[in-house]
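Notes for the structure review
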Amino acid sequence: MDYIERERHRLEIDLHVLTRRWHGTLSRMFVLRDRLDDIDPTDAEAFSRTANTLGAFANDATSLKRDVDKAKRRLASFDVDAQRRANADVDGSCRYLTIDGGRCGRPTVEGSRWCGRHVGLWSDNMAEHIIGEWRALYVEHGPDGDFARSTHVLRVGVSELRATVDESRRELEQGYETDDLCPSAEIECWTTLPEDLT
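Rules of the game
- Residues numbered from 1 in each chain as written.
- Predicted model: local features only at pLDDT ≥ 70, side-chain atom pairs only at ≥ 80, totals over all residues.
- Heavy atoms only, no water.
- Helix = DSSP H or I, 4+ residues; strand = E, 2+ residues; numbered from the N terminus.
- Rg over C-alpha atoms; globule rule 2.2 N^0.38 Å.
- Buried < 20%, exposed > 50% of the residue type's maximum accessible area, 1.4 Å probe, protein only.
- Contact = heavy atoms within 4.5 Å.
- Lys, Arg positive; Asp, Glu negative; His and termini not counted.
- Charge placed at Lys NZ, Arg CZ, Asp CG, Glu CD.
- Pairing = 2+ DSSP bridges.
- Expected span 1.5 Å × (residues − 1).
- Polar contact = N/O pair within 3.5 Å; in protein donor to acceptor, adjacent residues only side chain to side chain.

This next bit is on the overall build of the protein chain. Helix and strand content of the protein chain: 5 helices and 4 strands. Start at the N end of the protein chain and walk to the C end: the helices and strands fall as α-α-α-β-β-β-β-α-α. In terms of overall dimensions, the protein chain is more spread out than a globule: its C-alpha atoms have a radius of gyration of 24 Å, far above the 16 Å expected for 198 residues. Expressed as a percentage of the 198 residues in the protein chain, the buried residues total 36%. For the protein chain, the share of sequence-separated contacts (at least 6 apart) that also reach a separation of at least 24 residues comes to 62%. For the protein chain, the separation between the mean place of its 28 positive charges and that of its 38 negative charges on side chains is 7 Å.

With that out of the way, let us pick up the pairing of strand β2 (residues 137-142). Sheet topology note: the β2/strand β3 (residues 145-150) ladder contains 6 bridges and is antiparallel. Looking across to β3, one finds that L137 is bridged to S150.

With that settled, consider helix α1 (residues 3-38). With 36 residues, α1 extends 53 Å between its outermost C-alpha atoms, agreeing within 8% with the 52 Å of an ideal straight helix rising 1.5 Å per residue. Looking at α1, one finds that the buried residues are Y3, I4, E7, L11, L15, L18, T19, W22, T25, M29, L32 and L36. As for α1, its buried residues are in contact with α2 (44-77) and α3 (80-86). Its side-chain oxygen at 3.2 Å from the backbone nitrogen of I4, D2 defines the N-terminal cap of α1.

What follows concerns unusual backbone geometry. Although it is not a glycine, E110 adopts a positive phi angle of roughly 55°. With respect to the helices, strands and loops of the structure, E110 is situated in the loop between α3 and β1 (132-134). According to the relative accessible area criterion, E110 is partly exposed, its value standing at 38%.

Right, let's talk about the environment of L172 for a bit. Along the polypeptide, L172 turns up in helix α4 (residues 158-172). With a relative accessible area of 9%, L172 lands in the buried category. Excluding residues that lie within four positions of it along the chain, L172 makes contacts with L137, Y138, V139, A148, I187 and T191.

If you want it as structure tokens, here you go:
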């Protein structure tokens, strides 16, 4: 089982675990609903306590159902063949983008474009491999002016990287000043896609 098959297996397990938790929560809700029917309506405290607990389980069930649906979409969109093509080795050195703008460069493993440290990194939001570290930019409005700022380091896949660059460009269109905290070179770096993604 290679890194792509391991990720597919992990997605299947995630879906299974979330589905079991959702079904367990629904089961508990049905028990509480039946219990609510058996409570003497004049016992307001017991009725209120059970109704509140039922409400909490209903909220949990709603949240879990969203998680189950998201896990189903991730699993359905995870195409093993497409992942093999997208993550195939290029030159024997790891292609992971580092925060300093370079590439990891360690030897690749499992026929991938990733080294042993980076081969198991997958996006939680998308069914794609993490390709590196990036920063988003935003404008901080203050009494001394509107200054460009960068966020903490984000681990991104290709789709997330493109979206981050687009959002940063849109954010900076409103106008900004630069200072030592976010110089022009840094702005240029985080608003420009790497060459192999353009």
